[in-house]
Amino acid sequence: MKIMKFGGTSVGCAARMKSVADLVLDGQVNLVVLSAMSGTTNSLVEISNYLYKKNNDGANEVVNQLEVKYTKDVNELYSTDEYKAKGLALIREHFNYIKSFTNSIFTVFEEKVILSQGELISTGMFNLYLQERGIKSCLLPALDYMRIDKNNEPDTAYIRENLTALLEKNPDQEIYITQGYICRNAFGEVDNLQRGGSDYTASLIGAALLADEIQIWTDIDGMHNNDPRFVEGTKPVDELSFDEAAELAYFGAKILHPTCVLPAKINNIPVRLLNTMDPKAKGTLISSHQCENRIAAIAAKDSITAIKIKSGRMLLAYGFLRKVFEIFESYKTPIDMISTSEVGLSVTIDSTRHLDDIVDDLKKYGTVEVDTDQVIICIAGDFRSSNIGYASKVVEALNTIPIRMISYGGSSHNISILIDAADKIKALRLLSDKLF
Ligand code: ADP
Ligand code: ASP
Ligand code: MG
């Protein structure tokens, strides 16, 4: 079985949904994961923000705008009166439900329920559309099998067992459809896999079912060799290893959710990034194969804070690093980059929630300096030490930019460089010019 995930823009209007139907109907039994139609989750966030502030009028205004948009989509999607009526009934049910939250207390639980409506609507509409076309399709409700545990990690055994059972209960279908992003948590409440998490849904399903392939269909022809939002003339990369892809996704290549690579890698399931707008384009194949002797791609991760700890005493004495890392651990704050010297240690974090407490605690061990507004530039490729000259090409390309930290050798497939946010776009462009 193939898992085919379509993001928000790929199902963003009636015409796009129709093209998705053409793509998934390839004669095989595929499992289709859909995001909410583009812009919907943002609108649901906006509605929730109004409801938190008890501004019912503000919330209703956004709901009404959404309802107008969806009514138009429904009228364009279906050709028969029967299915138009079914589609309108479907969206009305969801919008009435969303409106009902104006009458209740509003907490994070209600917010999660509201955020789940986008994927429930898009999959419901798509399922009806396939049925109107005479296809045997069925919905697999994500809330019946997708679950995270107390640490917000996927409960893989539960997912496999319940998804398999659902498939067995619904045999002989041509297409299975499920919601990306949404799940239940350890307490059975409606929850989600974080923004952009539909990619994660697809790879968790792929892993649970040991699928032949996980396809992530989006609005661009694969992983480009640099961020197309900031650099002109970027090109798709034909092939990436799981490690390279994970690195790029984690360090800002928005096309792929950072968590989505691991389940595929563990189960060695190829992931293909494909373009809904240009289905014939080759896209990017992510697999265990590592291409040699090339720099693959560049990405940038924003909003990084660098912390430097300096001490006159033997900073790197036995046990020192453990003490420092324990401070970050106690505040559940992951570290992205590390760079050490005999008298100083620099680390970067991307969550500043506990920054003040962390800095306070670190002061036990030396003087502490904090730099905000930093960016990590990640260059992924074959950076084995035997590839002489590859690292220097990167540093050379950036010879007009102040570099705050460099991390090389942590793995053989990436270099990370920390610079000021103000230099990000210039750095990305210089790297593209000099490396590709
Ligand atoms: P979807 O809604 O389908 O999940 P996303 O918006 O999450 O789509 O991801 C696709 C977008 O990622 C592209 O439109 C592109 O602007 C952005 N992007 C950022 N970096 C890259 C990259 N290296 N290669 C391709 N796309 C990238
Ligand atoms: N709809 C969700 C979001 O906008 C999940 C996704 O699209 O992957 O974040
Ligand atoms: Mg996405």
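Please read these numbers as outputs of a predicted model, since none were measured by experiment.

Enquirer: For this particular structure, what's the right way to read the pairing of strand β12 (residues 335-340)?
Expert: Two faces belong to every sheet, and in a regular strand the side chains alternate between them. Examined bridge by bridge, β12 and strand β13 (residues 344-349) share 4 bridges and lie antiparallel to one another. Paired with Ile338 across the two strands is Val347, which belongs to β13. The hairpin formed by β12 and β13 contains 3 residues between the paired strands.

Enquirer: I tried to follow the sheet that holds strand β2 (residues 30-34) on my own but got confused; where do I start?
Expert: Either a parallel or an antiparallel arrangement is found when strands of a sheet pair, and the pairing is made through backbone hydrogen bonds. The strand order across the open sheet built from 8 strands is β3-β4-β2-β1-β7-β9-β10-β8, with neighbouring strands paired in mixed fashion. On the outer flanks of this sheet lie β3 (137-140) and β8 (239-241), each paired with one strand and no other. Between one strand axis and the next, the sheet turns through 20° on average, direction left out of account. Alignment of strand β9 (residues 271-275) against strand β10 (residues 284-287), held across 3 bridges, turns out to be antiparallel. Residue Arg272 lies in a different strand from β10, and its bridge partner there is Leu285. Contacting β2, β3 and β4 (175-179), helix α6 (residues 117-132) crosses the sheet at an angle of about 165° to β4.

Enquirer: What exactly am I supposed to notice about the site of ligand 2 here?
Expert: Lining the immediate environment of ligand 2, one finds Ser35, Ala36, Thr41, Glu119, Tyr181, Arg195, Gly196, Gly197 and Ser198. The side chain of Glu119 places a nitrogen or oxygen atom 2.6 Å from a nitrogen atom of ligand 2. Interatomic distance of 2.7 Å between a side-chain N/O atom of Arg195 and an oxygen atom of ligand 2.

Enquirer: Any chance you could explain the pattern of salt bridges here in plain terms?
Expert: Side-chain pairing between opposite charges can occur once the charged atoms of the two side chains come close. The tally for this structure, following the rule as stated, stands at 22 salt bridges. Of the charged contacts, one joins Arg384 and Glu292 as a salt bridge, the two residues approaching to 3.9 Å between their closest N and O atoms. Linking Arg384 in the loop between β14 (367-381) and α13 (390-397) with Glu292 in the loop between β10 and β11 (295-310), this pair joins segments that are 92 residues apart in sequence. Of the residues examined, Arg384 reaches a relative accessible area of 30% and is grouped as partly exposed. Overlapping salt bridges, with partners in common, bring together Glu292, Asp382 and Arg384 in one network.

Enquirer: Looking at this structure, how should I read helix α12 (residues 355-362)?
Expert: Structural remark: α-helix, 3.6 residues per turn; residues separated by three or four positions point the same way. Of all the residues in α12, the buried ones are Leu355, Ile358, Val359 and Leu362. Along the long axis of α12, the arc covered by the buried residues comes to 95°, so they all point the same way. Of the surrounding elements, those touching the buried residues of α12 are β11, α11 (320-330), β13 and β14.

Enquirer: I keep staring at the site of ligand 1 and nothing clicks. Help me out?
Expert: Around ligand 1, a shell composed of 16 residues is seen, among which Lys5, Thr218, Asp219, His224 and Lys254 lie nearest. Lys5 places a side-chain nitrogen or oxygen 3.1 Å from an oxygen atom of ligand 1. Backbone polar atom of His224 to a nitrogen atom of ligand 1: 2.8 Å apart, as the coordinates give it. Of the residues assigned to the shell around ligand 1, the class counts are 5 nonpolar, 6 polar and 5 charged.

Enquirer: I keep staring at a nonpolar patch on the surface and nothing clicks. Help me out?
Expert: A cluster of nonpolar residues, Val395, Ile403, Ile406 and Tyr408, forms a patch on the protein surface that exposes about 300 Å² of accessible area. Considering each element in turn, the nonpolar patch owes the most residues, 3 residues, to strand β15 (residues 403-408). Structurally, the position occupied by Ile406 is in strand β15. In this structure Ile406 comes out as partly exposed when scored by relative accessible area, which is 39%.

Enquirer: Would you mind showing me how to read the sheet that holds β14 here?
Expert: In spatial order, the strands read β12-β13-β11-β14-β16-β15; together these 6 strands make up an open sheet with antiparallel pairing. Two strands close off the open sheet at either side, each with one partner strand: β12 and β15. Taken over all neighbouring pairs, the strand axes of this sheet differ in orientation by 30° on average, direction set aside. Sheet topology note: the β11/β13 ladder contains 6 bridges and is antiparallel. Within the sheet, the bridge partner assigned to Lys310 lies in β13 and is Gly344. Strand contacts of α11: β11, β12 and β13, with the helix running at about 25° to β13, the strand carrying the most contacts. Against the sheet, α13 makes contact with β11, β14, β15 and β16 (414-420), and its axis sits at roughly 15° relative to β16, the strand it touches most.

Enquirer: I tried to follow unusual backbone geometry on my own but got confused; where do I start?
Expert: What you tend to see is this: most non-glycine residues have negative phi, and most peptide bonds are trans. We note that Tyr181 has phi near 75°; this positive angle belongs to a residue other than glycine. For Tyr181, a relative accessible area of 3% puts it in the buried group. Of note in the backbone geometry, Leu210 takes a positive phi value of approximately 45° without being a glycine. By the secondary structure assignment, Leu210 is in the loop between α8 (198-209) and β7 (213-218).

Thresholds applied
Along every chain, residues carry numbers that run from 1 in the direction the sequence is written. As a convention, the first chain written is A and the first ligand written is 1, with the rest following in written order. Totals for whole chains, interfaces and linings use all residues, but because this is a predicted model, local features are given only for residues with pLDDT of at least 70 and pairs of side-chain atoms are given and counted only at 80 or more. Processing note: side-chain calculations cover all non-hydrogen atoms of the structure and skip hydrogens and water entirely. Two strands qualify as a pair provided that DSSP identifies no fewer than 2 bridges between them. To qualify as a helix, a DSSP run of H or I must reach at least 4 residues; to qualify as a strand, a run of E must reach at least 2; elements of each kind are numbered from the N terminus. The axes are straight lines fitted to the C-alpha atoms, using for helices just the contacting stretch, and the angles between their N-to-C directions are given from 0 to 180°. Residue contacts are defined here by distance: any two heavy atoms, one from each residue, within 4.5 Å place the two residues in contact. Here a residue counts as near a molecule or strand whenever at least one of its heavy atoms sits within 4 Å of it. By the criterion applied in these results, polar contacts are pairs of N or O atoms within 3.5 Å in which, for protein atoms, one can donate a hydrogen and the other can accept it, and in which residues neighboring in sequence qualify only through two side-chain atoms. We define a salt bridge as a contact between a side-chain nitrogen of Lys or Arg and a carboxyl oxygen of Asp or Glu at a distance within 4 Å. We call a residue buried when its accessible area falls under 20% of the maximum for its residue type, exposed when it is over 50%, and partly exposed in between, using a 1.4 Å probe and counting protein chains only. Here the arc refers to the set of directions running from the helix axis out to each C-beta atom. Polarity classes work like this: nonpolar for Ala, Val, Leu, Ile, Met, Phe, Trp, Tyr, Cys and Pro, charged for Asp, Glu, Lys and Arg, and polar for all others, with Gly in that last group. The residues that make up patches have over 30% relative accessible area and no salt bridge, and they are joined within 9 Å when like-charged or within 5 Å when they are Val, Leu, Ile, Met, Phe, Trp or Tyr. In short, Shrake-Rupley with a 1.4 Å probe defines the accessible areas, and a residue's cover is counted only from the protein chains shown.

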